[in-house]
Amino acid sequence: MIGLIQRVTKAEVNIKCKPYSSIGLGYVILLGIFQEDSEADVNKLVDKIVGLRIMSDKQDKMNLSIMDVKGSILVVSQFTLCADVSGGRRPSFIKAKKPEEAEKLYLLFVEKLKNKGLEVKTGSFGEYMEVAIFNTGPVTIILDSKTF
């Protein structure tokens, strides 16, 4: 499972040119779910994210977690993070979990973040979305649950 985290001042999701969800200070997490991913990957990723110290303190040092700043999280499903481009110029998404199975892990991921006491908003799983991300820093971190 891959979580691409961007530290933001604000972010929003629009669907069919209409506002769907938005957050202020916090993280946008683009979530890619692979065939072999399970609840264990969800747990590892959630634990890493809530403790990750990438929010700025008063000296503009990355010393604070999302919990410390009482930030929000916007989670957007992103199967394209599972792309395999080794075989040519057109990406293959065969390594991505099937949508009906991926959605269950996506919803579990969101639920577990909420259970940590965070305000969590989402995109709409499987929808075509416009995502506006106001990355600050810029800070972008890639977390792969298979590496920790």
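Draft legend 1. How the structure looks around the pairing of strand β7 (residues 119–122). Relative to β7, strand β6 (residues 72–77) runs parallel, the two sharing four bridges. Directly across from Val 75, in β7, lies its bridge partner Thr 122. Between β6 and its parallel partner β7, the chain crosses via helix α2 (residues 99–115), and the hand of that crossover is right-handed.

Draft legend 2. Quick peek at the environment of Leu 108. Tracing the sequence through the fold places Leu 108 in helix α2. Along the backbone, Leu 108 and Glu 39 are 69 residues apart, and their C-alpha atoms lie at a distance of 7.9 Å. In this structure, Leu 108 is in contact with Glu 39 and Val 42, ignoring residues within four places of it in sequence.

Draft legend 3. Representation of the packing of helix α1 (residues 39–51) against α2 within the structure. It is the contact of α1 with α2, at a shortest axis distance of 10 Å, that shows an interaxial angle of 35°. By crossing handedness, the relation of α1 to α2 is classed as right-handed. Residue-level contacts link Glu 39, Val 42, Asn 43, Leu 45, Val 46, Ile 49 and Val 50 of α1 to Leu 105, Leu 108, Phe 109, Lys 112 and Leu 113 of α2. Here the contact of α1 with α2 is composed, by residue class, of nine nonpolar, one polar and two charged.

Criteria and thresholds
- Residues numbered from 1 in each chain as written.
- Predicted model: local features only at pLDDT ≥ 70, side-chain atom pairs only at ≥ 80, totals over all residues.
- Heavy atoms only, no water.
- Pairing = 2+ DSSP bridges.
- Helix = DSSP H or I, 4+ residues; strand = E, 2+ residues; numbered from the N terminus.
- Right-handed = clockwise from strand over helix to strand, strands pointing away.
- Contact = heavy atoms within 4.5 Å.
- Axes fitted to C-alpha atoms, helices over the stretch in contact; angles between N-to-C directions.
- Left-handed = near helix turned anticlockwise from the far one by under 90°.
- Nonpolar A, V, L, I, M, F, W, Y, C, P; charged D, E, K, R; others polar.

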